[in-house]
Amino acid sequence: MNQNRPEQAILSRSTDLSKTAETKAVIERMVDGLNDHRIEDIGEFFSEGFRWMGNTGCGTKKGLKEFQDNWQKPFQAAFSDKVCIDEARLYMGEWAAAFGRQEAVHSGTFMGIKPTGKKIEIRYMDFWKVVDGKIIDNWVMVDFPHVAAQLGHDLFNGEGWEAYDRGEKNPPQPEN
Amino acid sequence: MKKTTLQIVKEMEQALERAEVDCSDYFHDDFDWIANFGCGTKRGLDEFERAWYKPFRDAFGDRHFATEHYLEDGNWAACFGHCEATHHGDFMGIAPTWKRIKIPYIDFWRVEEGKIAENRVSVDFPAILAQLGQDIFNGKGWDKLDSKPPKNSSLSFA
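What you see is a predicted model; the values in this text were computed from it and never measured.

**Examining the environment of R51 of chain A**
All names here are of chain A.
Here is step 1: Tracing the backbone shows R51 in strand β1 (residues 46-53).
Here is step 2: Classification of R51 by C-beta neighbours within 10 Å gives partly exposed; the count is 19.
Here is step 3: As for R51 and I120, which are separated by 69 residues in sequence, their C-alpha atoms are 27 Å apart.
Here is step 4: Beyond its immediate sequence surroundings of up to four residues, R51 is in contact with K62, D137 and N138.

Okay, here's the thing in structure tokens:
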């Protein structure tokens, strides 16, 4: 007899797999909507009280209005000709996830850096939860330090671990 | 029975949590680990161990991974969550503070023939630095625009 029974239903435990098609439809329309630079009517895709939870430097936006005022508008003020390109997109039940890049022109002040006119890429990762046809939760990582680097500012002040990759520094090697 | 993409990923995470030294059961030798700025890009298992896994363990001990959600779609899997750890070694020039901190992450994995071939990663290094008292955005982070800034913005994933 097998004493070590495998864990069951690991994938579907907290996921309603019958929702995958609906989730996919909402996310695809939302990405098109954002690529069309829509702001005022994006409530079509996001619920009124949805939570946008970003990494440090990006912040947490509670509800549609804060998302529009404190994320979309400053973003469009700093960057123009924005195109969003998902490099991978996954769907499972009520959930979707993607990573990719926005290609844009730095046409306004970004974190104190005056417009350079440079074409840059803004890398991101997203997780979305869709309920009743709308996004209710959005976990996000947007690589603002990478944006600053492309504009000539190293926010890590030379301490980035890329120095290990390039062989400029030797990483510490713990015993365990 | 053939393992699912997610089973392979979860076994790998458990091995990392145990600080298993040899990760070759879970990653292809030539897998790509591609992360956000500040973390770097590691080409292959040796580079991953030398230039990510070891310095990470050197800086942070008593690591516990609290993944909030996993998702699987074909040969891709993804998750987000945070690692709780103790700052017990130098991190980006900051001497150990022994603070217990949270390190938010998002991971995407592509699995080929039972092992991870590609790992796309975001690790919130600015969140770590914020918890250790450094604001790399120098007051210009967009979290400052939030109506009520969270008590600790680095914990937005918690």
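**Structural notes on the interface of chain A and chain B**
Here is step 1: Across the boundary between the two partners, chain A contributes 45 residues, which contact 48 residues of chain B.
Here is step 2: Considering every element that reaches the side of chain A that touches chain B, the biggest residue donor is strand β3 (residues 79-92) of chain A, with four residues.
Here is step 3: Its residues assigned to classes, the side of chain A that touches chain B shows 26 nonpolar, 12 polar and seven charged.

**Concerning the nonpolar core**
Here is step 1: A96, I135 and V140 of chain A together with L71, A77 and I103 of chain B are the most contacted members of the largest nonpolar core, which totals 85 residues.
Here is step 2: Ignoring any residue separated from it by four or fewer positions in sequence, one finds A96 of chain A in contact with T23, I27, R89, L90, Y91, W128 and V130 of chain A.

**Considering helix α1 (residues 20-35) of chain A**
Residues and elements named next belong to chain A.
Here is step 1: Compared with the 22 Å implied by 1.5 Å per residue over 16 residues, the 23 Å span of α1 between its first and last C-alpha is a close match.
Here is step 2: Those residues of α1 that fall on the buried side of the exposure criterion are T23, V26, I27 and M30. Relative to the axis of α1, the buried residues are bounded by an arc of 95° and lie together on one face. For α1, the exposed residues lying more than 90 degrees away from the buried face are A21 and D32.
Here is step 3: Looking at the buried side of α1, the elements it contacts are β3, β4 (95-106), β5 (119-131) and β6 (134-142).
Here is step 4: Downstream of α1 by one or two residues, H37 has phi in the positive range, about 60°.

**Details of the sheet that holds strand β1 (residues 27-35) of chain B**
All names here are of chain B.
Here is step 1: Across the sheet, which stays open at both edges, the six strands sit in the order β2-β1-β6-β5-β4-β3 with mixed pairing between neighbours. With partners counted over all chains shown, the strands left at the sheet margins are β2 (41-43) and β3 (60-73), one partner each. Ignoring which end each strand starts from, the neighbouring axes of this sheet average 20° apart.
Here is step 2: Summarising the sheet, strand β4 (residues 76-87) and strand β5 (residues 100-112) pair through 11 bridges and their orientation is antiparallel. Bridge pairing in β5 links G81 to Y105.
Here is step 3: Contacts from helix α1 (residues 5-17) reach β3, β4, β5 and β6 (115-123) within the one sheet, and its direction differs from that of β3 by about 175°.
Here is step 4: On the sheet, helix α2 (residues 45-59) packs against β1, β2, β3 and β4 and is oriented at approximately 60° with respect to β1.

**Overview of the confidence of the model for chain B**
Residues and elements named next belong to chain B.
Here is step 1: Summarising the model, chain B shows a mean pLDDT of 91, and 92% of its residues fall at 70 or more.
Here is step 2: α1 is the least confidently modelled element of chain B, averaging 90 in pLDDT, while helix α3 (residues 125-131) averages 98, the highest of any element.
Here is step 3: Below pLDDT 50 for its whole length, residues 153-158 participates in 22 contacts with residues either more than four positions away or in separate chains.
Here is step 4: What the predictor reports for the complex is a pTM of 0.91 with an ipTM of 0.91.

Thresholds applied
- Residues numbered from 1 in each chain as written.
- Chains lettered and ligands numbered in written order.
- Predicted model: local features only at pLDDT ≥ 70, side-chain atom pairs only at ≥ 80, totals over all residues.
- Helix = DSSP H or I, 4+ residues; strand = E, 2+ residues; numbered from the N terminus.
- Buried ≥ 20, exposed ≤ 12 C-beta atoms within 10 Å, placed from the backbone.
- Contact = placed C-beta atoms within 7 Å.
- Nonpolar A, V, L, I, M, F, W, Y, C, P; charged D, E, K, R; others polar.
- Core = buried A, V, L, I, M, F, W, Y, C linked by C-beta atoms within 7 Å.
- Expected span 1.5 Å × (residues − 1).
- Arc of directions from axis to C-beta.
- Pairing = 2+ DSSP bridges.
- Axes fitted to C-alpha atoms, helices over the stretch in contact; angles between N-to-C directions.
- pLDDT = per-residue confidence, 0-100.

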